[in-house]
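Structural overview
The residues making up each chain are set out below.
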Amino acid sequence: MLLKGGFCRQLLSGFLKPGHNQQIATLKCFAPPIEYKNVVIPDRPKLRFMDKVPILPTNMKAPKMQKKLKFMRGPETVHNTLLYKQYGIVATGGGRLRWGHFEMMRLGIGRKMDVNRMFVIWRVDAPWQPISKKGQGQRMGGGKSAIDHYVTPIKSGRVIVEMAGKCEFAEVKPILETVCHKLPFKAMVVSQETLEEMQAGQERLDQENLNPYTFKYIIQNNLGGCHRWLAPVDHKWFGKYH
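What this report covers is the structure whose coordinates are included nearby. (Residues numbered from 1 in each chain as written. Predicted model: local features only at pLDDT ≥ 70, side-chain atom pairs only at ≥ 80, totals over all residues. Heavy atoms only, no water.)

With that settled, consider the overall build of the chain. Helix and strand counts for the chain come out as 6 helices and 9 strands. The buried share of the chain, taken over its 242 residues, is 29%. Accessible surface, the chain as shown: approximately 17,200 Å² in total, 55% of it carbon and sulfur. (Helix = DSSP H or I, 4+ residues; strand = E, 2+ residues; numbered from the N terminus. Buried < 20%, exposed > 50% of the residue type's maximum accessible area, 1.4 Å probe, protein only. Areas by Shrake-Rupley, 256 points an atom, 1.4 Å probe, with all protein chains shown as cover.)

Okay, structure coming up:
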């Protein structure tokens, strides 16, 4: 009986939104949980061991190679997307991965990941390019020196490792960042949404650019005689991917 008079309105004045008769106390709105229906965790969710030296036939001598800087210059045009459309580490500059970097990533990610909900795969090959080096104190000449170690050349935009499973970006990012900063080139932890936003932002900048004198236009038209001091890679990539 007490709730039928003005006391009722007085009691509910703090719980009702004026003008809408909507209760606001303890009113929360949670997003629906993410469903991972198509995610299948493989039998071996961790990164596999990479060989330090490529395996060659018994009757074949290990071949030597030149530096081939073109292997790590320019943009990556093939392995630049995520296969599972979730998370990974993408190189933002060129460089070379040695066997120690592979072990650092394998052990660093394997210690912190939850194998019941996550899995990670390699997106790069094992070290295959031979790097030769002369011994300490040797004179110049004497032919090509012996092979010292093997590396894997990486271009800008290449996906290094990819992590997926029943997980979110907030819990995957700290795991990948522990090894991302130790790589011998610039890299970043990305998700599928991040890659799409970066691509859309670059396309928007190209469309909305009002200045016709871009670096590409300057090089192609030799403004200011820039061909005299530009590097050969600038004529191909127009100031990018150094």
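Turning next to the packing of helix α2 (residues 99–112) against helix α3 (residues 169–180). Relative to each other, α2 and α3 sit at 155°, their axes nearing to 9 Å. By the angle class used here, α2 and α3 are roughly antiparallel. The hand of the α2/α3 crossing is right-handed. Together, Met-104, Met-105, Gly-108, Ile-109 and Lys-112 of α2 and Ile-175, Leu-176, Thr-178 and Val-179 of α3 make up the contact between the two elements. Looking at the contact of α2 with α3 residue by residue, the class counts come to 6 nonpolar, 2 polar and 1 charged. (Axes fitted to C-alpha atoms, helices over the stretch in contact; angles between N-to-C directions. Parallel < 35°, antiparallel > 145°, perpendicular 65-115°, else oblique. Left-handed = near helix turned anticlockwise from the far one by under 90°. Contact = heavy atoms within 4.5 Å. Nonpolar A, V, L, I, M, F, W, Y, C, P; charged D, E, K, R; others polar.)

Below, the discussion takes up the packing of aromatic side chains. The final tally for this structure, using the stated rule, is 7 aromatic pairs. When the ring of Tyr-213 is compared with that of Tyr-217, the centres are 5.6 Å apart and the planes differ by 80°; the resulting orientation is edge-to-face. Ring geometry for Trp-237 and Tyr-241: centres 5.8 Å apart, planes at 85°, overall edge-to-face. Classification of Tyr-241 by relative accessible area gives partly exposed; the value is 32%. (Phe/Tyr/Trp six-rings, centres within 6.5 Å; stacked < 30°, edge-to-face > 60°.)

This next bit is on the nonpolar core. Formed by 28 residues in total, the largest nonpolar core has its most connected members in Ile-89, Leu-97, Met-105, Ile-109, Ile-160, Val-161 and Met-163. Elements supplying a minimum of two residues to this core: β3 (87–91), α2, β5 (118–122), β8 (159–165) and α3. It is α3 that provides the largest number of residues to this core, a total of 5 residues. Not counting residues within four places of it along the chain, the set of residues in contact with Leu-97 comprises Phe-102, Met-105, Val-124, Tyr-150, Val-151, Thr-152, Ile-154, Ile-160, Leu-183, Pro-184 and Phe-185. Listed in part, the 5 residues of the second largest apolar core include Leu-82, Val-159, Val-190 and Leu-195. (Core = buried A, V, L, I, M, F, W, Y, C linked by side-chain atoms within 4.5 Å.)

Glancing now at the layout of surface pockets. Each pocket or cavity is described by its volume, and for the largest pocket that value is around 960 Å³. Surrounding the largest pocket, 29 residues form its lining, Met-198, Gln-199, Gln-202, Lys-240 and Tyr-241 being those nearest its centre. Of all elements in the fold, only β3, β9 (187–191), α4 (192–208) and α5 (215–220) reach the threshold of two or more residues within the lining of the largest pocket. When residues of the lining of the largest pocket are assigned to their parent elements, the largest contribution, 8 residues, is made by α4. When grouped by side-chain class, the residues that make up the lining of the largest pocket number 12 nonpolar, 10 polar and 7 charged. Taken as a whole, the second largest pocket spans an internal volume of roughly 260 Å³. Along the walls of the second largest pocket sit 16 residues, with Tyr-36, Val-39, Tyr-84, Gln-86 and Gly-165 positioned nearest its centre. Where the lining of the second largest pocket is concerned, the elements lending two or more residues are β8 and α4. Considered class by class, the residues forming the lining of the second largest pocket number 8 nonpolar, 4 polar and 4 charged. (1 Å grid on protein atoms, 1.4 Å probe; cavity = no way out; pocket = protein on both sides within 12 Å on 5 of 7 lines; lining within 4 Å. Points joined across faces, edges and corners; volume = space filled by probe spheres on them.)

When the charged atoms of two side chains with opposite charge come close together, those side chains can pair. The full count for this structure, using the stated rule, is 6 salt bridges. For Arg-106, the salt bridge is made with Glu-103, and the minimal N-O distance between the two is 2.9 Å. Pair noted here: Arg-106 and Glu-103 are both in helix α2, with a separation of 3 residues, about one helical turn. In this structure Glu-103 comes out as buried when scored by relative accessible area, which is 14%. (Salt bridge = Lys/Arg side-chain N within 4 Å of Asp/Glu carboxyl O.)

The next thing to look at is the environment of Gly-157. Counting through the fold element by element, Gly-157 comes out in the loop between β7 (147–154) and β8. Sequence-wise, Gly-157 and Thr-77 are 80 residues apart; in three dimensions their C-alpha atoms are separated by 8.0 Å. Setting aside anything within four residues of it in sequence, one finds Gly-157 in contact with Glu-76, His-79, Asn-80, Val-90 and Ala-91.

A few words now on α2. Given a rise of 1.5 Å per residue, 14 residues ought to cover 20 Å, and the 21 Å separating the end C-alpha atoms of α2 matches this to within 8%. Listed in full, the buried residues belonging to α2 are His-101, Phe-102, Glu-103, Met-104, Met-105, Gly-108, Ile-109 and Gly-110. Looking at the packing, one finds that the buried side of α2 touches β4 (95–98), β5, β7, β8 and α3. (Expected span 1.5 Å × (residues − 1).)

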